[in-house]
Amino acid sequence: MDILSETVAAIRTGSPASGLFVRHAPWGRRYPKVPGAGFHVVLQGSCWVVPPGGEPIALGAGDVLFMPRGEHHDLLDALGTPISEVAHPGEPREIAGPGARTVLVCGAYELGRQRSHPLLDELPEFIHLPARPGRHPALRSAVDLLAAEIAEPRPGTDAAIPALLDTMLLFLLRAWFDERPAPTGWAGAFTDPAVADALRAMHAAPERAWTVPELSALAGVSRATLARRFLATVGEPPLSYLTRWRMLTAARLLRDTDLPLAGVARKVGYQSEFAFAKAFKREYGRAPGQYRRADEQPAVLAV
C-alpha cells in the first residue's frame, strides 16, 4: 500500500457518514465541531461558509470544502442571513422556501485524535477546492458517483457509499497537495525520492529496528542529507516518525483486529509486551487493553 493510503487507513476510525440536503433561501445552518474531518460539496446553487473568526468563503456549484479537523462553522444562503437551524441527526432532507434552491452533499470522517499524524496536522482548518474546468477530474467523478448513490439508493448503495467516501477523502488530499505551488511539508515528502523511500520502508516494516544509516543507504543519500530533508518535509526526525507510525499502527490493530497484545507488540517492533504497553500508554494515556475496550469518540454527524 502507498504512503498516503496507509496513513489515511491508520488514522481513520469507524465508518464515514454523509447525506444530501436541499434548502430554499433564506436559510442558515450551524455546524458544531465534530471529532473528525468534514466536507461540503455544492451540487446546485451557491452559499457562504462563515468560519469562526475568519473571512467568509463563497461556494458555487461544483465547489468542495474540506475541514480536516471538523471545525465548527456556519453555512448560509447569503451573508447576513440569520441562523435558523443547527445540523443534527434525523433532520429533514429538504425544507421548502420562497427563494433560490441549493443542494449540497455533506459528510464526515471519524479520525483518531489521541495521536495525530503530521499529514493532517499541517493542513489549514478549511480547504476550498473551487470547481475549475479540467481540474481534479478524479475528485469530480467521485463526487458525482456519491451524489447519485445518495439521491437514488439502489441495491448495493449501503456498500457503495462508504467506499466512495473513502475514495473521495484520498482524492481531496491529492487535490490539495496538487494545488501547492511549491512542494513543502508532506506534499514535499511525497515528491522527494529519498524521503519517500524512507517512509515506504518504515511503513512496510514498522517491526524492524531501523537505523538512520540503514534508511539513508536504502534512500541512496547520506545520513545528514536524509535527516535534513526528512525533518524539512515530515516535520520530525526519521526515528521519531518511526515511533509515531508504530503507535498509530498499534492503535489501528487494537481497534480493528482481535490480535493478542503480544502479537500487536511484535508487529510494531516490541518483543516485550510490557515495553510495548509502557510505550503505548505514554502516547495514548491508557494501556493497550483499555484502549481496545473503550469507545474512542462519538459517531460523527453526517450533515
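The text that follows walks through the structure, step by step, so that each part is easy to find.

Cut-offs and rules
Residues numbered from 1 in each chain as written. Predicted model: local features only at pLDDT ≥ 70, side-chain atom pairs only at ≥ 80, totals over all residues. Heavy atoms only, no water. Pairing = 2+ DSSP bridges. Helix = DSSP H or I, 4+ residues; strand = E, 2+ residues; numbered from the N terminus. Contact = heavy atoms within 4.5 Å. Axes fitted to C-alpha atoms, helices over the stretch in contact; angles between N-to-C directions.

**Side note on the sheet that holds strand S1 (residues 17-24)**
Strand order in the open sheet made by the six strands is S9-S1-S10-S3-S6-S11, with mixed pairing throughout. Either end of the sheet is taken by a strand with one partner, and the two such strands are strand S9 (94-95) and strand S11 (127-129). Pairing between S1 and S9: two bridges, direction parallel. Bridging across to S9, Arg-23 finds its partner in Ile-95. Docked against the sheet, helix H4 (residues 157-179) engages S1, strand S3 (36-44), strand S6 (64-67), strand S10 (101-110) and S11, running at close to 90° with respect to S11.

**A closer look at unusual backbone geometry**
For the peptide bond that leads from Ala-25 to Pro-26, omega is 0°, which places it in the cis range. Considering the arrangement of structural elements, one finds Pro-26 in the loop between S1 and strand S2 (28-31). Positive phi, normally seen in glycine, also occurs at His-136, with a value near 50°. Looking at where His-136 falls in the secondary structure, it is placed in the loop between S11 and helix H3 (137-151).

**Focus on the sheet that holds S2**
One open sheet accounts for five strands, arranged S5-S4-S7-S2-S8; its pairing is mixed. Unpaired on one side and paired on the other, strand S5 (57-59) and strand S8 (85-86) mark the two borders of the sheet. Across three bridges, strand S4 (residues 47-50) lies against strand S7 (residues 73-76) in antiparallel orientation. For Trp-48, the partnering residue across the bridge sits in S7 and is Leu-76.

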